[in-house]
Amino acid sequence: MAQRGVQLERETFSCSICLDLLKDPVTTSCGHSYCLKCIKGFWDGEDEKKTHSCPQCRQSFTPRPVLLKNTMLAALVEELKKTGPPAAAAADLCYAGAGDVACDVCTGRKLRACKSCLQCVASYCDQHLQPHYDAAPLKKHKLVEPSKELQENICSRHDEVKKLFCRTDRQSICYICSVDEHKGHDTVSAATERTERQRELEGSRLNIQQRIQDGEKEVKRLQQEVQAVNGSADKAVEDSEETFTELIRLMQKRSSDVKQQLRSQQEREVSGVRELQEKLEQEISELKRRDAELQLLSHTEDHNQFLLSYPPSSLPAPLSGATHSSSTNIRPLSYFEDVTAALSALRDKLQDVLREEWTHVSPTEVDVLLSAAEPASRAGFFRYSQEITLDPNTADTHLLLSEGSRKATYMRQQQSYSSHPDRFTSWPQVLSRESLSGRCYWEVERRGGAVRVAVADKNVSRAGSGSPPSSRVGVYLDHRAGVLSFYSIVSETMTLLHRVQTTFTRPLHAGVCLYGYGATAEFCKLK
């Protein structure tokens, strides 16, 4: 009883906000007491409302009251602390708060429940649970963790505990239900059903745990694979950088050697030409001097003096051995252009070697790198324009070919084509005569119905179909690089519809598939 009295006293002198003994107690005008810090914090949260209220009775105060310490209450609290239960006992008095399950037996302020009884359909604090440990009949009751859903164990029709489970309707029922609306159903005790479901649950958990372990092993393996791929790629990048650095160094060295050889050859050629030039200039000077002497002699009026001064030969011996310009030893002006042409040929051979040998490293990606980039304009695509004609041996019998086999029209009546193993039989499709390789570009004008533009292997199934959809469609194929692109054409504007990156092992053929009578597809003549 003494313990009960102490508990009531502590409730009396406890703050309803923090649920602990009052600290610096203050009392509002409505008579309720709180810790000074607690009520100030509570009212701080109400400042925006311009009105303040009591947390217990909700009485409003305007303006916010000025709080003064209740000295008498503070003295009583201090005295209670001295005479009250030990700290450990006080800590045991845990009151139910928001979200807690409250004791169904406590009156006034309820303590937090520590157990719920499935037979009593009630929850108890430590004190009120004690009879379940002391009384023999109550010891057989099933105690579980505190639950707010205990009422779900009570049958709403018969107000009885649901101790059975109806397997037919898959729901918990009471005993009266089993002989009433569930009569004749497959019913077992809830405990029996729980045991079987528990067994299934454990089996499911074992299966899930095994899958988790397998998944974790696979994740670990994949992580290791990622690390291996990253490590291998990093090593390959490092090696490739070293290789290309060495190649660049060798090319720079060879470039320097070629440059030095060209300059040396340039100096030799220029020196020889200048030497010859100087000799010719000296000869020309001597010839001019001789010409002046002869001119002076030609003006001599005394015949005897003229004949006496006239030399045996009127021309002096040539200084360089030959004075005619055609005999000068000068190389053609295109000498160094031959070197440029040789280097260009070497560059082309090197690129061919890279294309051929690089397929051992990466047959798809490297071709993309070595292949020319897709043109940036429609005019650029025209450089690779390919004239396409349709093969009548592949045309479905509902397709009429015209315009020199460049145009296909879907007809209601079948055409009188001869039987051929290449003919499409299930879908209105047709392929081109030309096989496509290298870089090719063509455009298809579509009208009426649904027309699909496609690129296919010659061995495509004659009963199958497929192709991407747009009024004019442009198709660009880079067979070596494994690139196939479809563009929507509006005036000179090209919009990418779809691009495929793969590896082509055989030549391809252009194709169209038409749906709807009167639908046409025409392969355009490009300028």
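As the structure is a computational prediction, the values presented were derived from the model and not from experiment.

Calculation notes
Think of each chain on its own: its residues are numbered from 1, step by step along the sequence as written. Residues qualify for local features only when their pLDDT is at least 70, as the model is predicted, and side-chain atom pairs are given and counted only at 80 or more; totals for whole chains, interfaces and linings, by contrast, use all residues. With hydrogens and water excluded, all non-hydrogen atoms of the structure serve as input to the side-chain values. Runs of E in the DSSP output that reach at least two residues are strands. Runs of H or I that reach at least four are helices, and both are numbered from the N terminus. Whether a residue is buried, partly exposed or exposed follows from its accessible area with a 1.4 Å probe, protein chains only, as a fraction of its type maximum: under 20%, in between, or over 50%, in that order. Areas reported as accessible are Shrake-Rupley estimates using a 1.4 Å probe. Residue values count occlusion only from the protein chains shown. Arc, as used here, means the arc of the directions from the helix axis to the C-beta atoms. The contact rule is simple, with two residues in contact once any of their heavy atoms fall within 4.5 Å. At least two bridges found by DSSP between two strands is the condition for calling them paired. A fitted line through C-alpha atoms serves as each axis, taken over the contacting stretch for helices, and the angle formed by two N-to-C directions is quoted from 0 to 180°. Per residue, pLDDT captures the predictor's confidence, and it can take any value from 0 to 100. Nonpolar core, defined: a set of buried Ala, Val, Leu, Ile, Met, Phe, Trp, Tyr and Cys residues in which side-chain atoms within 4.5 Å join the residues together. The span you would expect from a helix comes to 1.5 Å times its residue count less one. Patch membership is restricted to residues that have no salt bridge and whose relative accessible area is over 30%. Joining uses 9 Å for like charges and 5 Å for the nonpolar side chains Val, Leu, Ile, Met, Phe, Trp and Tyr. Think of a salt bridge as a Lys or Arg side-chain nitrogen and an Asp or Glu carboxyl oxygen that are within 4 Å of each other. A pair of aromatic rings is counted whenever rings of Phe, Tyr or Trp (Trp by its six-membered ring) have centres within 6.5 Å, and the orientation is called stacked for planes under 30 degrees apart, edge-to-face for over 60 and tilted otherwise. Whether a charge sits over a ring depends on NZ of Lys or CZ of Arg being within 6 Å of the ring centre and within 35 degrees of the ring normal.

1. Things to note about the overall build of the protein
- Secondary structure summary: the protein contains 13 helices and 20 strands in total.
- The proportion of buried residues among the 527 residues of the protein is 28%.
- As displayed, the protein has an accessible area near 34600 Å², and 53% of this comes from carbon and sulfur atoms.

2. Some thoughts on unusual backbone geometry
- For the peptide bond that leads from T62 to P63, omega is 0°, which places it in the cis range.
- Its place among the elements puts P63 in the loop between β4 (60–61) and α3 (71–83).
- The backbone of D24 shows a phi angle near 50°, a positive value even though the residue is not glycine.
- Mapped onto the secondary structure, D24 falls in the loop between α1 (2–12) and β1 (25–27).
- Taking the relative accessible area as the measure of exposure, D24 reaches 45% and is therefore partly exposed.
- Phi at S491 is positive, roughly 60°, even though this residue is not glycine.
- Mapped onto the elements, S491 comes out in the loop between β17 (483–490) and β18 (493–501).
- Classification of S491 by relative accessible area gives exposed; the value is 59%.

3. Here's the deal with helix α2 (residues 36–44)
- The complete set of buried residues in α2 reads C38, I39 and W43. Down the axis, α2 shows its buried residues gathered within 125° of arc, on one side only.
- On the buried face of α2, the contacting elements are β1, β2 (33–35), β3 (52–53) and β4.

4. Description of the pairing of strand β12 (residues 407–410)
- In the sheet, strand β11 (residues 399–402) pairs with β12 via four bridges, with the strands oriented antiparallel. The residue of β12 that forms the bridge with L400 is T409.
- Counting the residues that bridge the hairpin from β11 to β12 gives four residues, and of these E403 lies at a positive phi of roughly 50°.
- Note: β12 against strand β20 (residues 520–523), three bridges, orientation antiparallel. The residue of β20 that forms the bridge with T409 is T520.

5. Topic: the sheet that holds strand β8 (residues 164–166)
- Reading across the sheet, the three strands line up as β9-β8-β10 and stay open at both edges, with antiparallel pairing between neighbours. Two strands in the sheet have a free side with no partner beyond their single neighbour: β9 (171–173) and β10 (187–189). Averaged over all pairs of adjacent strands, the angle between their axes in this sheet comes to 35°, without regard to strand direction.
- Note: β8 against β10, three bridges, orientation antiparallel. In the sheet register, F165 faces β10, and the bridge partner there is V188.

6. Quick look at the confidence of the model for the protein
- Summary statistics for the protein give a mean pLDDT of 82 and a share of 86% for residues scoring 70 or more.
- Predicted confidence is poor over residues 1–8, with pLDDT under 50, and the contacts of this stretch with residues over four places away or in other chains come to seven contacts.
- Low pLDDT (under 50) marks residues 321–328, which in the prediction has seven contacts with non-local residues, meaning those over four places away or in another chain.

7. Concerning the nonpolar core
- In terms of nonpolar packing, the biggest core is built from 28 residues, with W442, V475, L514 and F523 touching the most fellow members.
- Sort the elements by how many residues they give to this core and strand β19 (residues 508–515) lands first, with four residues.
- Those residues in contact with L514 that sit more than four places away from it in its chain are L399, A408, T409, Y410, P428, A450, V451, A519, T520 and A521.
- Core analysis: the next-biggest nonpolar cluster, separate from the first, contains 16 residues, F13, Y34, W43 and L67 among them.

8. Here we look at helix α9 (residues 190–298)
- Its 109 residues give α9 an end-to-end C-alpha distance of 151 Å, which sits within 8% of 162 Å, the value for a rise of 1.5 Å per residue.
- The set of residues buried in α9 consists of E193, Q265, E283, R290 and L297.

9. Here we look at a nonpolar patch on the surface
- Residues F244, L247, I248 and L250 make up a contiguous nonpolar surface patch of roughly 350 Å² in combined accessible area.
- Along the chain, F244 turns up in helix α9.

10. Quick word on the pattern of salt bridges
- Applying the stated rule across the entire model yields 25 salt bridges.
- R64 serves as the salt-bridge partner of D44, at 2.9 Å between the closest nitrogen and oxygen. With D44 in helix α2 and R64 in the loop between β4 and α3, this residue pair connects regions lying 20 residues apart in the sequence.
- Here R289 and E293 are joined by a salt bridge, their closest N and O atoms 2.3 Å apart. Here R289 pairs with E293, and both are found in helix α9, just four residues apart, close to one helical turn.
- Residues participating in the shared-partner salt-bridge network are R167, E193, E196, R197 and E200.

11. With respect to the packing of aromatic side chains
- Per the counting criterion, the structure on display carries nine aromatic pairs.
- A ring pair is formed by F306 and Y310, whose centres lie 5.7 Å apart and whose planes are at 35°; its orientation type is tilted.
- Classification of F306 as partly exposed rests on a relative accessible area of 27%.
- Take Y310: its relative accessible area is 42%, and that puts it in the partly exposed class.
- Ring centres 6.1 Å apart and planes at 70° place the aromatic pair W427 and Y515 in the edge-to-face group.
- Residue W427 is classed as partly exposed on the basis of its relative accessible area, which comes to 33%.
- Among the aromatic residues, ring-to-ring pairing joins F381, F382, Y384, Y441, Y476 and Y487 into one connected group.
- Against the face of Y95 rests R109, its NZ or CZ located 3.9 Å from the ring centre.

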